[in-house]
Structures are given as structure tokens and as C-alpha cells.
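# Topology and contacts: notes
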Amino acid sequence: MRIPLKQMVDLGRYMRARKKTGEKYFPLVLMLEPLHACNLACIGCGRIVEYKDTIRDQMPLDAALASAEECGAPIVSICGGEPLMYKYIVPLTTGLLQRKRHTMICTNAILLERFVKQVPPNPYLSFNIHIDGMRETHDRVVDRDGVFDTCVRMIRLLKKRGYRVQTNSTIFRETTTEEIESLIKFLGELGVDGMLLTPGYQYQVLTNDIYLSNEEMPQKFQRVRKLAEDYKIINTPIYLDYLVGKRDLLCSPWTTVTRNPRGWKGPCYLITNGHYRTFAELHSATDWEYYRTKQDVRCRNCKLHSGFEGTVALEFGKSLKDSWRMVRHYVS
Ligand code: SF4
């Protein structure tokens, strides 16, 4: 299984219940950023630029836990910044696990050893290790030697101790298809439970030229799409079709909502119109149909995983052929 069965069942049950009430715009994943400080300064990281004025801020523990209650999403991805630097990371994680939220910690792995001494494996817990290429590439992207080796050591340690581990790799313009293939094979040998590969996306606040253009994307992701037949790549086949230009998708930014020390960020993970005090305020301030149909100029070249995989999840069951492909993909 590329995704834990329990998570898929819980997500399906939750979506059915929300749809039954007639709701159209409900969240599936909460991206909880309790802080934006980090122990690395990766190239292409929009967060440390966008939030440089509030980089020292940390959410109070009760506010972080309350945000999970407020939006109700069954999956909580704790990210940042580096979430393992958050002073309440242990009580936040255990609090979410007690509430039976599928909790994923997105980390650069540097502080993992200390954390796993305090939080044992749990069926609701998984780690998402950031790894953007083989040794030379990854250490260049994170601008520090030795981080790739740390990631590998931590993946081995987590697997040995029985935790669920997946990886998250951003594909940049300079990443060659050969390196993508080497990385996928290497992660497969390490025994990771799932690999997410996403195109590097242009943050509103960044101007560097490291991101894939629409012309470059199909060629890089063609290889990923092929390798997904044999390796535990967790991008859905429908989203991969979209990345290689074989179909179009509308966006569902409300499926992945972001809460950080400044409030609820909207309209999506990538672009910021404002930060809202409550989840309800985010909803009433946002014209979801406008973003769903990608009318905003900032949506023009966007293929952001969280917006479009949300669409795939919401449409599951509408096409027998697509649904069968999805089931086969996830149980293989
Ligand atoms: S298309 Fe991209 S930028 Fe536009 S709302 Fe969706 S995720 Fe955000």
C-alpha cells in the first residue's frame, strides 16, 4: 500500500459525510505551520522570505491544536519552517494523535533523532522527509554539506524502529531525468513507504529562475509517470497525467488549508491575499469558484500538488476508469 489503508478509509468516510451535508468547499488536509524558523536556508524556499518579519514567532500550543479542531480536516501535515524546532512539537504531535488525526511531520531530518526518543510509532503518524536529489544536488539545494547523508541515516533509523516514512522531492529545472530515476531507485532500496515528487513552484515572493516551465515539465514527469508503475510513488496517476499534459484539471485550493502564526493563509498554499483570524473568515473572504477555475493571473502556470490532488480526491468515483486506476495504483 502506498498510503495507509486506514487513512484512505477515514478520508473516504469523511468526504462522504461532508458531501452528505451539501458542503462543497471542505478541507482534506491542514498544513499546520506552527513556526517559520528553520535550521536550513534552502534555495527556492518561499516561507523564509515571505515570513522574514515574523520568523521568530511560534504558535501557542492551544492555538495549534484548536486550528485542527476548527477546520476538521482528517489529515494534518505539520510543516513550517522546520517543525522539529517548534517548542511544543511533542505535545502537538501527541495531541493530534490522541484526536486520531492522520499526522505527518514534514522535516529536513536534522533533529529527528531527539524527537523519536519521545514519540513512539503510531498508526496515525508518518514522517515526510525532504530530499530533493542525490547527495550533490540535495546538499546544494539545502546549501549545507552532509544533509543528504543525515536524511539517509534517519530514514534507515525510522524504518528500523517501525515508523512510516515517505519522502517529498521537488523537481527543479536543473534536475535531470537520470537523477530523478536514480533518486527513485535509491529511495526504493531504502524501503521508504511512499515518494511524492512535485514540480518546483514559483512562490509569489520569489523571483529566481530555478522552476520548471510548462514546456519542461512533461519531459521530466514522463519518466516519473513510467517509474510509478514499479516504485511507491504516491502522486495519483491522474495528477501525473496532468503534469505531462495529457489532461486538464481544475484546482481545489480549499482542500488544503494553511494555518500559521499569522492566521489562516488564503487563498492557497502558494499565494497570499491575506491572513485571517478564523477558518470561517478565510472562507467568507475567498471566492473559491474564481480560484477553482484558475482565473487569477497567479494561477496561470501553477500545477501545485495540493490544489490539484485535492481535485482528484474530490472527483474519485465519478469516472469508473479513473477510480479503477487509482485503486490499482494505491494497492500495488
Ligand atoms: S492554481 Fe495554484 S496558485 Fe491558483 S489557487 Fe490553485 S494552487 Fe493556488
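The structure reproduced in this document is the subject of the present report. (Residues numbered from 1 in each chain as written. Predicted model: local features only at pLDDT ≥ 70, side-chain atom pairs only at ≥ 80, totals over all residues. Heavy atoms only, no water.)

Neighbouring residues of the ligand: Cys251, Pro253, Cys268, Ile271, Tyr291, Arg298, Cys299, Cys302, Leu304 and Phe308. Across the shell around the ligand, the residue classes break down as nine nonpolar, no polar and one charged. (Near = heavy atom within 4 Å. Nonpolar A, V, L, I, M, F, W, Y, C, P; charged D, E, K, R; others polar.)

Let us now look at the environment of Arg2. On the secondary structure map, Arg2 appears in the segment before helix H1 (5-20). A relative accessible area of 3% places Arg2 in the buried class. In the structure, Arg2 is positioned 230 residues away from Lys232 in sequence and 5.8 Å away in space, judged by C-alpha atoms. (Helix = DSSP H or I, 4+ residues; strand = E, 2+ residues; numbered from the N terminus. Buried < 20%, exposed > 50% of the residue type's maximum accessible area, 1.4 Å probe, protein only.)

Attention now moves to the pairing of strand E5 (residues 164-171). Taken residue by residue, a regular strand's side chains alternate between the two faces of the sheet. When you tally the buried positions in E5, you get seven out of eight residues, the bulk of the element. With five bridges joining them, strand E4 (residues 125-130) and E5 adopt parallel strand pairing. Note that in E5 the partner of His130 across the bridge is Asn168. Summarising the sheet, E5 and strand E6 (residues 194-199) pair through six bridges and their orientation is parallel. Within E6, the residue paired with Thr170 across the bridge is Thr198. Since E5 and E6 lie parallel, the crossover through helix H8 (residues 177-190) that links them has a hand, and here it is right-handed. (Pairing = 2+ DSSP bridges. Right-handed = clockwise from strand over helix to strand, strands pointing away.)

What follows deals with helix H9 (residues 216-227). Among all positions of H9, only Met217, Lys220, Phe221, Val224 and Leu227 are buried. Along the axis of H9, the buried positions cluster into a sector of 100°, meaning they face one direction only. (Arc of directions from axis to C-beta.)

Ordered in space as E6-E5-E4-E3-E2-E1-E7-E8-E9, the nine strands form an open sheet in which the pairing is mixed. Pairing within the sheet leaves two strands with one partner each, and these edge strands are E6 and strand E9 (272-276). Neighbour to neighbour, the strand axes of the sheet diverge by 25° on average, direction disregarded. The pairing of strand E1 (residues 29-32) with strand E2 (residues 75-78) spans four bridges and is parallel. (Axes fitted to C-alpha atoms, helices over the stretch in contact; angles between N-to-C directions.)

Our focus in this paragraph is the pattern of salt bridges. Taken as a whole, this structure holds 23 salt bridges when the rule is applied. Between Lys159 and Asp193 there is a salt bridge, with its nearest N and O atoms 3.0 Å apart. Here the residue Lys159 occupies a position in helix H7 (residues 147-160), and Asp193 occupies one in the loop between H8 and E6, the gap between them amounting to 34 residues. In this structure Asp193 comes out as buried when scored by relative accessible area, which is 15%. Because the salt bridges share partners, they merge into one network encompassing Arg225, Asp241, Arg247, Asp322 and Arg325. (Salt bridge = Lys/Arg side-chain N within 4 Å of Asp/Glu carboxyl O.)

Along strand E3 (residues 102-107), six of the six residues are buried, which leaves the element largely enclosed by surrounding structure. Burial along E3 is two-sided: His102, Met104 and Cys106 facing one way and Thr103, Ile105 and Thr107 facing the other are all buried. Pairing between E2 and E3: four bridges, direction parallel. Residue pairing across strands places Ile78 opposite Ile105, the latter belonging to E3.

The next subject is the packing of helix H3 (residues 61-71) against helix H4 (residues 89-98). Remark: H3 packs on H4, axes separated minimally by 10 Å, with the N-to-C direction vectors making an angle of 25°. By the angle between their directions, the pair H3 and H4 is classed as roughly parallel. Regarding H3 and H4, the two cross each other, and that crossing is right-handed. Contacts between H3 and H4 pair Leu61, Ala64, Leu65 and Ala68 from the former with Pro91, Leu92, Gly95 and Leu96 from the latter. Of the residues assigned to the contact of H3 with H4, the class counts are seven nonpolar, one polar and no charged. (Parallel < 35°, antiparallel > 145°, perpendicular 65-115°, else oblique. Left-handed = near helix turned anticlockwise from the far one by under 90°. Contact = heavy atoms within 4.5 Å.)

Before going further, it helps to spend a moment on the packing of aromatic side chains. Within this structure, the stated rule accounts for 10 aromatic pairs. Judged by centre distance (6.0 Å) and plane angle (80°), the rings of Tyr14 and Phe26 are edge-to-face. Of the two residues, Tyr14 is situated in helix H1 and Phe26 in the loop between H1 and E1; the sequence distance between them amounts to 12 residues. Tyr14 gets classed as buried once you look at its relative accessible area, which sits at 14%. Residue classification places Phe26 among the buried residues on the basis of a relative accessible area of 1%. An aromatic cluster is present here, built from Tyr25, Trp254 and Trp288 joined pairwise through their rings. The ring of Tyr269 carries the charged tip of Arg47 above its face, separated from the ring centre by 4.1 Å. (Phe/Tyr/Trp six-rings, centres within 6.5 Å; stacked < 30°, edge-to-face > 60°. Lys NZ or Arg CZ within 6 Å of the ring centre and 35° of its normal.)

Most often, soluble globular proteins keep nonpolar side chains buried together rather than apart. Leu30, Leu112, Phe115, Phe127, Ile129, Leu197 and Phe221 are the most contacted members of the largest nonpolar core, which totals 99 residues. With eight residues, the top contributor of residues to this core is H7. Ignoring any residue separated from it by four or fewer positions in sequence, one finds Leu197 in contact with Ser169, Ile171, Ile180, Ile184, Phe221, Val224, Ile233 and Asn235. (Core = buried A, V, L, I, M, F, W, Y, C linked by side-chain atoms within 4.5 Å.)

On their own, these measurements won't tell you what the molecule is for.
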